[in-house]
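# A look at the structure
Each chain is listed here by its residues.
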Amino acid sequence: MAREEVGMVTSLEDAISRQTHGHPLSWLTSRQTFWVFLAAVIACVTLSLVTDTFATERNLFNVTRNFAFVGIVALGMTAVIIIGGIDLSVGSVVVLSAMVTGMTMAAGYPIYLAVPLALAASLAVGLFNGVMVAFLKVPPFVVTLGVLSVARSLAMVLSDNKMVYQFGPDHQALLTLGGGSTLGIPHPVYFLVVLALGTGYFFRWTRWGRHIFAIGGNEQAATLTGIPVRSVKISVYMFASLMAGITGVLEVGWLGGVTTNLGQSMELSVIAAAVIGGANLAGGIGTAFGAVVGAALIEVIRNSLILLGISTFWQGTFVGSFIIIAVLFDRLRVSRAND
Amino acid sequence: MSTPPASAPLVEMRNISKRFGGVHAVDDVSVDLYPGEVVGLLGHNGAGKSTLIKMLAGAYPADSGEIYISGEKVAIETPRDARRYGIETIYQTLALADNLDAPANLFLGRELRTSLGLLDDDAMEHEARAVLHRLNPNFKNIKDPVKNMSGGQRQSVAIARAILFNAKILIMDEPTAALGPQETAMVAELIKQLKKEGIGIFLISHDLHDVFDLSDRVSVMKNGRLVGTRDTSKVTKDEVLGMIILGKLPEEETPEELAELH
């Protein structure tokens with residue numbers, strides 16, 4: 001009976017809070033992800049009307065595939081940003097993973113050995129990042145900047161800086177994995193969808209997800225409430241590296257070859273995608289869906305520059321500016337909160 | 001000397017020391033706490049009271065000394081250890097994750113899960129509403145991030161977290177620092193209620209007036225050392241003030257010195 005009573009109170013309170021918090025629409029419009037999503041949709045519609053080239057099957061195929069790569073890595077980056085960290089090494093992990101895959105297969109080993117090996121190499125990088133950050137308290141910016149250099153250099157050593165484009169007996173399987181399509185949709189997009197759903201699910205419904213948000217919100221509180229902060233941090237850096245590693249494997253298949261400049265300065269697009277998608281560089285806020293939407297917007301704008309005949313050299317300006325503006329907004333908010 | 005109630009002590013901290021670099025933050029301090037008792041831990045900022053109590057809460061390990069819980073020697077090295085012994089802490093900083101809502105904060109590190117191992121948000125919200133309602137009947141917006149809440153509501157969340165898991169020992173570090181008069185009265189009422197339930201409470205404050213009326217005994221610290229412990233009923237506020245400021249026991253204080261305090 002007591003429980004019923006509480007239940008009634010609960011629903012009454014729900015009703016009150018719904019009233020005081022207004023319409024679901026106002027909730028929606030308060031979300032950055034919603035506006036970014038809207039911007040991407042408007043950009044797509046405008047491009048379809050203004051150009052005859054955007055809404056073609058070929059172009060849409062390319063756009064979705066390209067944004068899938070940034071999107072997958074941005075999922076991992078979002079987790080890192082949620083705990084208040086940053087991972088600059090993801091672009092180098094992409095090339096390291098791609099190179100391990102390529103070299104292993106070029107040496108005649110099967111794909112089912114090469115891919116786990118590449119992912120293991122990626123996880124090892126993430127483990128290193130995580131241990132340095134969590135146990136030795138090295139700022140993540142410094143650790144991952146160092147690893148950015150180290151991982152790419154390792155890929156160069158591994159390949160002697162040569163292009164790898166013969167992948168042994170499973171050559172075709174690798175090309176299909178990353179470069180093929182099913183039902184007209186490129187394979188990397190399937191990976192993005194599954195990984196984004198999985199990430200969103202983990203963020204929302206597991207203790208791990210709850211704990212990463214708590215760490216980003218107040219790391220000291222997380223420690224004092226008994227959350228294993230250090231191991232959670234390590235797992236997050238490993239997750240980010242794993243996403244980069246998966247992207248590396250897919251990119252080799254798509255390109256049909258791998259050179260050591262693969263993934264160069266990709267970290268910037270990825271951070272921008274996460275931040276545009278609502279991840280807060282101060283920590284504690286971010287969504288998997290936002291990472292995908294942010295990656296989509298970046299790719300649509302990049303694509304529109306090409307189709308509208310504007311030099312793609314402007315892309316870096318756009319990406320860089322967005323990161324600065326996002327951080328600027330954080331600063332403003334923090335300084336206002338301190339007043 | 002003081003006369004604690006005649007039952008086994010709930011907590012006994014014996015000869016506890018803690019150094020930070022060359023600084024003796026806590027130097028050979030012994031305090032105890034009995035069931036249903038409130039012990040006020042007093043001293044200036046930097047006297048070592050927060051450091052002492054953080055060793056009981058598992059925030060950091062003691063360099064030397066022993067801790068007994070209900071007569072049994074225990075090792076408390078992490079907050080998790082402390083919670084296992086029924087020790088709950090309300091930190092001065094509240095230790096809330098501002099980006100999460102009240103139920104998430106209440107169950108931080110102890111999330112309820114469904115049989116599938118997923119977060120059981122419904123159960124957590126249900127329990128959160130019950131406990132918060134008990135503390136603060138006007139508390140409605142529990143699903144907001146706590147950063148949007150008032151100081152009193154945030155304090156309620158921190159207190160609710162401590163009492164939710166059937167604590168035996170409660171540590172309250174400056175529990176009323178952020179509160180208005182009405183909320184302070186609410187906390188005082190809660191302390192009396194918890195006392196009745198047999199919970200032992202360490203009440204830490206730099207302000208004598210906050211704790212004097214609520215405490216059964218007061219332990220005073222100065223410069224990392226214990227000045228002494230006295231029954232609140234057997235000392236005056238002035239004598240305790242003398243302990244805090246002069247670092248001397250009531251019997252050592254001269255009337256002139258006490259007069260100087262005012």
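Just above, that's the structure.
Note that this is a predicted model, so its numbers are computed, not measured.

We now examine the overall build of chain A. In terms of helices and strands, chain A carries 15 helices and 2 strands. For chain A, with 339 residues in total, the buried portion stands at 47%. Here the analysis covers contacts within chain A between residues at least 6 apart in sequence; of these, 78% occur between residues at least 24 apart. As displayed, chain A has an accessible area near 16,000 Å², and 69% of this comes from carbon and sulfur atoms.

Here we come to the overall build of chain B. Secondary structure summary: chain B contains 9 helices and 10 strands in total. Against the compact-globule benchmark of 18 Å for 262 residues, chain B has a radius of gyration of 19 Å, which places it among compact chains. Based on the C-alpha atoms only, the size of chain B along its principal axes is roughly 65 × 40 × 40 Å. Within chain B, buried positions represent 55% of all 262 residues. Partitioning the contacts of chain B with sequence separation of at least 6, the portion at a separation of at least 24 is 63%. Entry remark: accessible area of chain B is about 11,200 Å², with carbon and sulfur atoms responsible for 49%. The distance from the centre of the 29 positive side-chain charges to the centre of the 38 negative ones in chain B is 4 Å.

Residues and elements named next belong to chain B. Spatially, β6-β7-β8-β3-β9-β10 is the arrangement adopted by the 6 strands of the open sheet, whose pairing is mixed. Whereas interior strands pair on both sides, the edge strands pair on one side only; in this sheet they are β6 (87-90) and β10 (225-231). For this sheet, the mean angle separating the axes of adjacent strands, direction not counted, is 15°. Pairing of strand β7 (residues 169-173) with strand β8 (residues 200-205), which is carried by 5 bridges, proceeds in the parallel orientation.

Bringing the nonpolar core into the picture now. Of all hydrophobic cores here, the largest spans 90 residues; its most connected members are L75, M77, I212 and I227 of chain A. Take this core: its biggest share by element is 13 residues, from helix α4 (residues 57-82) of chain A. Dropping the residues within four chain positions of it, I227 of chain A is found in contact with H211, A214, I215, A222 and V232 of chain A together with R80, L108 and G109 of chain B. Judged by nonpolar contacts, the second largest core, of 49 residues, contains L203, V211, V227 and L249 of chain B.

Counting residues at the interface gives 29 residues for chain B, matched by 26 residues for chain A. For the chain B and chain A pair, buried surface summed over both sides reaches about 2,600 Å², with 56% attributable to carbon and sulfur atoms. If you sort the residues of chain B by the area they bury against chain A, L119, H126 and R129 of chain B come out on top, with a joint share of 21%. Between R207 of chain A and E111 of chain B there is a salt bridge, with its nearest N and O atoms 3.1 Å apart. Elements with a contribution of two residues or more to the side of chain B that touches chain A: α2 (79-84) and α4 (121-135) of chain B.

A few words on the pattern of salt bridges. Opposite charge on two side chains permits them to pair, given that their charged atoms come into close proximity. Residue and element names in this part refer to chain B. On inspection of all chains with the given rule, the structure shows 20 salt bridges over all chains. Close ionic contact of E37 with R217 constitutes a salt bridge, the shortest N to O distance being 2.4 Å. Taken together, the residues E37 in the loop between β2 (23-33) and β3 (38-42) and R217 in strand β9 (residues 217-222) connect sequence positions 180 residues apart. Take E37 and R217: they sit in the same class, and that class is buried.

So, on to the pairing of β8 of chain B. Residue and element names in this part refer to chain B. Counting buried positions along β8 yields 6 of 6 residues, so the element is predominantly enclosed. Burial along β8 is two-sided: G200, F202 and I204 facing one way and I201, L203 and S205 facing the other are all buried. Looking at chain direction, β3 and β8 are connected through 5 bridges and run parallel. Among the inter-strand pairings, V38 is bridged to a residue of β8, identified as I201.

Attention now goes to the packing of helix α10 (residues 207-217) of chain A against helix α12 (residues 229-255) of chain A. Each packed pair of helices is defined by two parameters, the angle between the axes and the distance between the axes. Residues and elements named next belong to chain A. Where α10 contacts α12, the axes come no closer than 10 Å and their chain directions differ by 105°. Here α10 lies roughly perpendicular to α12, going by the angle between them. Contact residues: α10 offers W208, H211, I212 and I215, while α12 offers V229, V232, K233, S235, V236 and F239. Taken together, the residues of the contact of α10 with α12 sort by class into 7 nonpolar, 2 polar and 1 charged.

Below, the discussion takes up the sheet that holds strand β1 (residues 11-20) of chain B. All names here are of chain B. Across the sheet, 4 strands lie side by side as β2-β1-β4-β5; this open sheet has antiparallel pairing. Looking at the sheet topology across the chains shown, the edges are occupied by β2 and β5 (72-74). Taking the axes of each pair of neighbouring strands and ignoring which way they run, one obtains an average angle of 30° across the sheet. Of the pairings in the sheet, the one linking strand β4 (residues 64-69) to β5 comprises 3 bridges and is antiparallel in character. Within the sheet, the bridge partner assigned to Y68 lies in β5 and is K73. Its contacts with the sheet place helix α1 (residues 49-57) against β1, β2 and β4, and it is angled at close to 115° to β1.

Assignment of secondary structure puts R110 of chain B in the loop between α3 (102-106) and α4. For R110 of chain B, a relative accessible area of 17% corresponds to the buried category. Expressed as a C-alpha distance, the spacing of R110 of chain B and F165 of chain B, which sit 55 residues apart in the sequence, is 9.6 Å. In this structure R110 of chain B touches R207 of chain A together with R83, E88, R161 and F165 of chain B, once residues within four positions along its chain are discounted.

Each aromatic ring pair is characterised by the separation of its centres together with the angle its planes make. Residues and elements named next belong to chain A. Summed over all chains, the structure comprises 9 aromatic pairs over all chains. Relative to W254, the ring of F69 has its centre 5.3 Å away and its plane inclined at 40°; by these criteria the two rings are tilted. Residue F69 is located in helix α4, and its partner W254 is located in helix α12; the two are separated by 185 residues in the primary sequence. In this structure F69 comes out as buried when scored by relative accessible area, which is 3%.

All names here are of chain B. Relative to the elements of secondary structure, D173 occurs in strand β7. Within the structure, the side chain of D173 is placed 3.1 Å from the side chain of S50, a separation counted as a polar contact. Filtering out sequence-adjacent residues up to four positions away, D173 remains in contact with S50, I90, Y91, Q92 and I204.

Residues and elements named next belong to chain A. The topology assignment puts L307 in helix α14 (residues 288-307). Overall, the relative accessible area of 23% leaves L307 in the partly exposed class. Taking the C-alpha atoms as reference points, L307 and D52, 255 residues apart in sequence, are found 9.2 Å from one another. Residue contacts for L307: discarding those within four places in its chain leaves T51, T53, F54 and N59.

Parameters and conventions
Residues numbered from 1 in each chain as written. Chains lettered and ligands numbered in written order. Predicted model: local features only at pLDDT ≥ 70, side-chain atom pairs only at ≥ 80, totals over all residues. Heavy atoms only, no water. Helix = DSSP H or I, 4+ residues; strand = E, 2+ residues; numbered from the N terminus. Buried < 20%, exposed > 50% of the residue type's maximum accessible area, 1.4 Å probe, protein only. Contact = heavy atoms within 4.5 Å. Areas by Shrake-Rupley, 256 points an atom, 1.4 Å probe, with all protein chains shown as cover. Rg over C-alpha atoms; globule rule 2.2 N^0.38 Å. Lys, Arg positive; Asp, Glu negative; His and termini not counted. Charge placed at Lys NZ, Arg CZ, Asp CG, Glu CD. Pairing = 2+ DSSP bridges. Axes fitted to C-alpha atoms, helices over the stretch in contact; angles between N-to-C directions. Core = buried A, V, L, I, M, F, W, Y, C linked by side-chain atoms within 4.5 Å. Buried area = accessible area lost by both parts, 1.4 Å probe. Salt bridge = Lys/Arg side-chain N within 4 Å of Asp/Glu carboxyl O. Parallel < 35°, antiparallel > 145°, perpendicular 65-115°, else oblique. Nonpolar A, V, L, I, M, F, W, Y, C, P; charged D, E, K, R; others polar. Phe/Tyr/Trp six-rings, centres within 6.5 Å; stacked < 30°, edge-to-face > 60°. Polar contact = N/O pair within 3.5 Å; in protein donor to acceptor, adjacent residues only side chain to side chain.

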